[in-house]
Amino acid sequence: MQRRIEFIDIAKGIGIILMVIGHTNPPQYVFNYIYIFHMPLFFILSGYFFNQETLRKPATFIYKKIKGLYIPYIKWGILFIILHNLFYLCHINKDFYSLNEYPSIIYNLLKMEKYELLLGPFWFFRELLLTSILVFSIFFVGNKIKIQAPIRKLIIPFLLIIAVVCSKYNVNLPIIGYRTLTASCFFISGYYFKEHQKAIIDKIFNYYTFFIFIIIIAIFAYIHPTYIGSISFDIPIAYILGIIGTITVIFISSKIKSSIKNFFIFCGRNTISIMALHLLSFKIVSYIKIILYNLDIQKLADWPVISNTQQDNIFWIVYAAVGVLVPTTIILLQKKLISSLTVKEKN
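Nothing here was measured: the structure is a model prediction, and the numbers come from that model.

**Here we look at the packing of aromatic side chains**
Argument step 1. Evaluation of the coordinates by the stated rule reveals 35 aromatic pairs.
Argument step 2. Arranged with centres 5.2 Å apart and planes meeting at 80°, the rings of Tyr207 and Phe251 form a pair that is edge-to-face. Of this pair, Tyr207 sits in helix H10 (residues 207-223) while Phe251 is found in helix H11 (residues 234-255), placing the two residues 44 residues apart along the sequence.
Argument step 3. Measuring from centroid to centroid gives 5.4 Å for Phe282 and Tyr319, while their planes differ by 75°, and the two rings are edge-to-face. Of this pair, Phe282 sits in helix H13 (residues 271-292) while Tyr319 sits in helix H14 (residues 312-346), placing them 37 residues apart in sequence.
Argument step 4. Residue Tyr319 is classed as buried on the basis of its relative accessible area of 1%.
Argument step 5. Three or more aromatic residues joined by ring pairs make a cluster, and in this case those are Phe50, Phe61, Phe136, Phe139, Phe140, Phe187, Tyr191 and Tyr192.
Argument step 6. Between Lys289 and the ring centre of Phe315, over which it is positioned, the NZ or CZ distance is 4.8 Å.

Listed below in structure tokens is the structure:
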């Protein structure tokens, strides 16, 4: 079992909160700023835990990825499929599943090709699984043919070039696409960051660098927003900005000492549940908005939030608060219930 690393949990907590904010239909500039680095952050943090020792045990590596990514994807997917028609009756979903649709729905879920709309961010699970396998395969082959360490450092620019070519000329590679290639660059960067983190955080990165990076992201968010889904020659820019944003978040995470640290750690250790429940939690705010402004109840099914109304200027903040606090409250209650049941069983 991997040891918990506090600043990584804090960084994940910041990242998942930013993801929730990004889904609230915030002002365009806020959206642009967040999307520059919030998904690269998760790929980089995943790569941080990549260990070359696993290259000796491919079966163990695959087992861990199935357990950590595929199983949660299927578990939450099946739960939301079961609840789909109930959500339809509550005006949360727009469509109703007939019995003859379920086999194909389950089949597509098992292939990780389709998921419930309320699990919108779950594209990340498939992408991270493909990314992990691709990076593992590259390092595995590299070890077999004994590629020297300096040459391995060229993997990232090589993958970026392939991603640019695939994007620009619409080249469709089997299974993976240019987004997976870009994500792999972030993943590998996380692995190399672990090797040099002390030098980067303690010696190279300081408050001056921090403010410079904040300004760089702010400028690009305004004049040329680009992120992991970008195409063509924006991909290298997206990569650089993703790295800058991630290092900035990690620097902030390493400096947080106040009591709010525990909240970020809790969120960082429960990212999957927050990812799965925040869009459903938004419906609480949507329902309140419907009552307050006498909107059609059918708008409850608007995804991810009710937008295009005169009141949107503040509601994204309410959506964000509820999208984080409701899932974390549910998680806390679940943990307390399990703990009390365990105590009773021991007695």
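**Quick word on the confidence of the model for the protein chain**
Argument step 1. Of all residues in the protein chain, 95% have pLDDT values of 70 or greater, and the mean over the chain is 92.
Argument step 2. Highest mean pLDDT in the protein chain belongs to helix H4 (residues 84-89) (98); lowest belongs to helix H7 (residues 149-152) (79).

**A word on the environment of Thr54**
Argument step 1. Mapped onto the secondary structure, Thr54 falls in the loop between helix H2 (28-48) and helix H3 (58-82).
Argument step 2. Separated by 159 residues in sequence, Thr54 and Phe213 have C-alpha atoms that sit 34 Å apart.
Argument step 3. In this structure, Thr54 is in contact with Phe61 and Phe136, ignoring residues within four places of it in sequence.
Argument step 4. At a separation of 2.6 Å, a polar atom in the side chain of Thr54 contacts the main-chain carbonyl oxygen of Asn51.

**Quick notes on the state of the cysteines**
Argument step 1. Applying the stated rule across the entire model yields 0 disulfides.
Argument step 2. No disulfide involves Cys166; its sulfur sits 12 Å from the nearest other cysteine sulfur, which is in Cys185.
Argument step 3. According to the relative accessible area criterion, Cys166 is buried, its value standing at 5%.

**Remarks on the side chain of His23**
Argument step 1. Relative to the helices and strands, His23 resides in the loop between helix H1 (6-22) and H2.
Argument step 2. Given the relative accessible area of 16%, His23 is considered buried.
Argument step 3. Engagement of the side chain of His23 in a polar contact is seen with the side chain of Tyr35, the distance being 3.5 Å.
Argument step 4. If we skip the residues at most four places from it in the chain, His23 touches Tyr35, Pro121, His278, Leu279, Phe282, Pro304 and Val305.

**Quick word on the environment of Ser184**
Argument step 1. For Ser184, the position within the fold is in helix H9 (residues 178-204).
Argument step 2. Overall, Ser184 belongs to the buried group, its relative accessible area being 0%.
Argument step 3. Placed 83 residues apart in sequence, Ser184 and Glu101 show a C-alpha to C-alpha distance of 35 Å.
Argument step 4. Residues in contact with Ser184, not counting those within four places in the same chain, are Thr131, Leu134, Val135 and Leu159.

**Examining a nonpolar patch on the surface**
Argument step 1. Together, Tyr29, Ile215, Ile219, Tyr222 and Ile223 give the surface a local cluster of nonpolar side chains, amounting to about 560 Å² of exposed area.
Argument step 2. Within the secondary structure layout, Ile223 lies in helix H10.
Argument step 3. A relative accessible area of 57% places Ile223 in the exposed class.

**Remarks on the pattern of salt bridges**
When the charged atoms of two side chains lie near each other, side chains of opposite charge can form a pair.
Argument step 1. Under the defined criterion, the tally for this structure stands at 6 salt bridges.
Argument step 2. For Glu53, the salt bridge is made with Arg56, and the minimal N-O distance between the two is 3.3 Å.
Argument step 3. Residue Glu53 is classed as partly exposed on the basis of its relative accessible area of 45%.
Argument step 4. Of the residues examined, Arg56 reaches a relative accessible area of 67% and is grouped as exposed.
Argument step 5. The partner of Glu127 in a salt bridge is Arg179, with the nearest N and O atoms 3.5 Å apart. On the criterion of sequence distance, the pair formed by Glu127 in helix H6 (residues 123-144) and Arg179 in helix H9 is long-range, its members being 52 residues apart.
Argument step 6. You can call Glu127 buried: its relative accessible area is 5%.

**Focus on the nonpolar core**
Argument step 1. With 108 residues, the main nonpolar core has Ile16, Phe50, Phe122, Phe139 and Ile188 as its most contacted residues.
Argument step 2. Sort the elements by how many residues they give to this core and H2 lands first, with 12 residues.
Argument step 3. When neighbours within four sequence positions are excluded, Ile188 is seen to be in contact with Val135, Phe139, Ile155, Ile156 and Leu159.

**Observations concerning the environment of Ile219**
Argument step 1. The residue Ile219 is located in helix H10 in this model.
Argument step 2. Judged by relative accessible area, which is 41%, Ile219 ranks as partly exposed.
Argument step 3. Sequence separation between Ile219 and Tyr33 is 186 residues, and the spatial gap between their C-alpha atoms is 9.2 Å.

Rules used in this analysis
Within any chain, residue numbers begin from 1 and follow the written order of that chain's sequence. Given that the model is predicted, a residue must reach a pLDDT of at least 70 before its local features are reported, and side-chain atom pairs must reach 80 or more before they are shown or counted; all residues, however, enter totals for whole chains, interfaces and linings. Excluded from the side-chain calculations are hydrogens and water; all other atoms, namely the structure's heavy atoms, are used. Ring pairs shown here join Phe, Tyr and Trp side chains whose ring centres sit within 6.5 Å, with only the six-membered ring taken for Trp; geometry is labelled stacked below 30 degrees between planes, edge-to-face above 60, and tilted in between. Helix and strand labels come from DSSP, where a helix needs a run of H or I of at least four residues and a strand needs a run of E of at least two; each type is numbered from the N terminus. Accessible area is worked out with a 1.4 Å probe on protein chains only. A residue is then buried under 20% of its type maximum, exposed over 50%, and partly exposed in between. Counting as a charge over the ring demands two things of the Lys NZ or Arg CZ atom: a distance within 6 Å of the ring centre and an angle within 35 degrees of the ring normal. For every residue, the predictor assigns a confidence score, pLDDT, that lies between 0 and 100. Every residue pair with non-hydrogen atoms within 4.5 Å of one another is taken to be in contact. N or O atoms within 3.5 Å of each other form a polar contact, as long as, within protein, one can give a hydrogen and the other can take it, and as long as residues adjacent in sequence are counted only when both atoms are side-chain atoms. Pairs of cysteine sulfur atoms within 2.5 Å are identified as disulfides in what follows. Residues forming no salt bridge and having over 30% relative accessible area are the ones grouped into patches, like charges within 9 Å of each other and nonpolar side chains (Val, Leu, Ile, Met, Phe, Trp, Tyr) within 5 Å. For accessible areas, the Shrake-Rupley method is used with a probe of radius 1.4 Å. Any residue's cover is judged against the shown protein chains and nothing else. In what follows, salt bridge is the name for a side-chain nitrogen of Lys or Arg lying within 4 Å of a carboxyl oxygen of Asp or Glu. Take the buried Ala, Val, Leu, Ile, Met, Phe, Trp, Tyr and Cys residues and link them wherever side-chain atoms come within 4.5 Å; each set so joined is a nonpolar core.

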